[in-house]
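Structural characterization, general
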Amino acid sequence: MEYTREIYWNVGHGATTLVPMYLLSLAAVAILVYAFLQRVKIYKQGQKLDRTDQLPLRVTMMVKKVLLQSKVLNVRGPGLAHALFFWGFFLLFLGTCLIVLQADFTDLFFGIKFLQGSFYLFFSLTLDIAGLVAIVMLIGLLIRRFIVRPAGLENTKDDVIMHGLLLAILISGFVIEGARMAVTEMGTPLAAWSPVGLWVAKALSSMGEPAVRGLHSNLWWLHLLMVIIFIAIIPFTKFRHIFTTSANYLFTDLGPKGLIPTIDMEDEEAESFGAATVTDMTWKDIFDADACTSCKRCQDRCPAWATDKPLSPMKMVQQIGEIAFRDPAASLPETIEKDVLWACTTCRACQEICPANIEHVNKIIDMRRNLVLMEGEFPGEEVMTAMENTEVNGNPLGLAFASRGDWAEGLPVVFLGQSTDVDILYFVGCYASFDKRNQAIAKAFVQLCDAAGVRVGILGKEEKCCGEPMRKMGNEYLYQMLANENIEQIKGYGITQIVTTCPHCFNTLNKDYRDLGLDVTVSHYTEYLAKLLEQGRLNLTPQSFDCTYHDSCYLGRYNDIYQAPRTLLAAAGAQLTEMEKHGIESFCCSAGGGRILADENIGTRISEKRAQMAAETGAPTLISNCPFCLTMFEDGVKGADLDEQLKPKDLAEILVERISG
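Bear in mind that the values here come from a model prediction, so they are computed numbers and not experimental data.

Notes on the overall build of the protein
If you tally the helices and strands in the protein, you get 27 helices and 9 strands. Seen through its C-alpha atoms, the protein measures out along the principal axes to roughly 100 × 60 × 50 Å. Looking at the protein residue by residue over its 661 residues, the buried ones come to 54%. Across the protein, the fraction of contacts at a sequence separation of at least 24, relative to all contacts at a separation of at least 6, is 79%. Carbon and sulfur atoms provide 57% of the accessible area of the protein, an area that totals close to 28,300 Å². Averaging the coordinates of the 59 positive side-chain charges in the protein and doing the same for the 75 negative ones gives two points 6 Å apart.

With respect to a nonpolar patch on the surface
Residues I139, I143, F146, I147, V148, V160 and I161 make up a contiguous nonpolar surface patch of roughly 610 Å² in combined accessible area. For the nonpolar patch, the elements supplying multiple residues, two or more each, are helix 4 (117-148) and helix 5 (157-184). Ranked by the residues each element gives to the nonpolar patch, the list is headed by helix 4, at 5 residues. In this fold, V148 is placed in helix 4.

With respect to the domain arrangement of the protein
Split into domains, the protein comes out as domain 1 (15-44 + 52-250), domain 2 (278-375), domain 3 (394-534) and domain 4 (545-656). Taking only C-alpha atoms, the centre of domain 3 and the centre of domain 4 are 22 Å apart. Contacts between domain 3 and domain 4 engage 31 residues on the former and 34 residues on the latter. Contact with domain 4 buries area across many residues of domain 3, yet Y431, R437 and H504 alone supply 21% of it, more than any other trio. Counting the contacts that link domain 3 with domain 4 gives 2 salt bridges. Taking the shortest distance from any N to any O, the salt bridge between E634 and R437 comes out at 2.8 Å. For the side of domain 3 that touches domain 4, the elements supplying multiple residues, two or more each, are helix 19 (436-451), helix 20 (468-472), helix 22 (503-510) and helix 23 (525-534). Among the elements that line the side of domain 3 that touches domain 4, the one with the most residues is helix 19, at 8 residues. Each residue belonging to the side of domain 3 that touches domain 4 can be placed in one class, and the counts come to 17 nonpolar, 8 polar and 6 charged.

Remarks on unusual backbone geometry
With phi around 105 degrees, S590 is a residue other than glycine that occupies positive phi space. When you line up the elements, S590 lands in the loop between strand 7 (574-576) and helix 25 (606-615). A relative accessible area of 4% means that S590 is categorised as buried.

Calculation criteria
- Residues numbered from 1 in each chain as written.
- Predicted model: local features only at pLDDT ≥ 70, side-chain atom pairs only at ≥ 80, totals over all residues.
- Heavy atoms only, no water.
- Helix = DSSP H or I, 4+ residues; strand = E, 2+ residues; numbered from the N terminus.
- Buried < 20%, exposed > 50% of the residue type's maximum accessible area, 1.4 Å probe, protein only.
- Contact = heavy atoms within 4.5 Å.
- Areas by Shrake-Rupley, 256 points an atom, 1.4 Å probe, with all protein chains shown as cover.
- Lys, Arg positive; Asp, Glu negative; His and termini not counted.
- Charge placed at Lys NZ, Arg CZ, Asp CG, Glu CD.
- Patch = residues over 30% accessible without salt bridge, like charges linked within 9 Å, V, L, I, M, F, W, Y side chains within 5 Å.
- Salt bridge = Lys/Arg side-chain N within 4 Å of Asp/Glu carboxyl O.
- Domains from an automatic or database assignment.
- Buried area = accessible area lost by both parts, 1.4 Å probe.
- Nonpolar A, V, L, I, M, F, W, Y, C, P; charged D, E, K, R; others polar.

This is the structure in structure tokens:
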């Protein structure tokens, strides 16, 4: 027998079938397009932003991420279920397109049939398996959503309608196939290539041919109607993410990760700074709300949400969308609430895990900018004091700028004001300069460089705070003032390489300062020392010890530096026990986003929660690579009453103890 089947069997291939089918399809597509065009008008309320440069690269990224479901698969359980459902449904869609192509174009006009022979057998088997996988995965997702109901996963009318409609479409498709097979393929070799359809056909075969034909015809039209309805209502439900999430991959920020746009503070035409309303945001910020799938992955990983603070990145993004569509003139900070905005540590965990490519952090910073620059508001008096201290003395601790280099007394350090004969400029940062606990990091780093034959220079009293905490708190004016002064000093001394022990300084000098004209090589000390180790210039004598290691947000998620610190730990003899949340999933220490300057008055302390995670490993030492983290962990260990169990140390302190003679 010929391996093929009659398309439009039992419903006919004439005008009575094709005309209403195509008219309904065109109407559904027209509704979909019109509804999205109406939404585009809402997106355009936002400021212009070019996200169409390097278009071939963007299109390639989009196709790969959509087809491979790579971002969705970052969470294995529900991510795998969603990916399998997508692949199954996508194959069914392609199969339908091939059927329409042959029946209504190639065969109709040219007499060309390609759905026959061995290809048809493969086609039939593939679609049967794809449909079965899609049904099983969809049922699994329905059970998770409506029965298991993970905390924070909210169900809406959208979920009931769209999930139910999808399930009905898939199941009815198999019943239609089974009804056709019960009349045309039972007892033939062809039937085995549609195993699910065959199972349904066997169940229907006892009904008799007239009844099966009636069932097939009625269900065929009902199935078509359900598909038409599904297409038409996509823009009105959260299932619009089928298009908006895919488009958001196209609109990926191709710049340095975590870069904050620099405001022209001298723009005399600017009426305000920061985002007070959605019209102050970019169109992408509004579009992000439409791309959100409400999967709550960002919320699950937010350290603020995990410690009972009011910030949910998911809800914040959704609120922006609600404001844009319902009341564009509404105040963003007032509607979203200021405590929500101040709670963010800018750890970027939300953005890294988001399967929809939503950009959360800069939205919050933009709203903070408006509060600080236009309203003069801060989350507390202590933050305002830190800002004032920085304006006067160049550091938030309020200590005299003239003493900034005192920690280096007796160490092989060159002050650039006296000589520029150095290999690197060590940008020390405020905490390593003034805080006694963190001065140990600076001293250890200098000793390690000296052991490797590296000549270290510092700016001393000429160095100012890099401005990162102030900028993340929204004080763009103070940040730019500090940054420009630092850049002037660095350029004046002809520096070509900078090393920092602070990931916040590193990220700021390496990315943000470039917008203001700094163009030199900037390294974090872990990468710099790892290279010296690899080159044989830094020799260490390993001494075995047990520890756990904290990936700081600004070294890890912001700069993808995970291996260098672990390489150094291994060289030092570390027996490393990883915390459950490590690497890209690392849990914030609480100091980012300028929170190092602010008291933590809402919920439980993030640093205490992280200290407890470290203690659960059983390791006696918690290793960090950041003065902010070390400061938080010193407090967190005490606050969690873990003094006898856990000791925080910086990686540099471990390494300096193991310098080979």
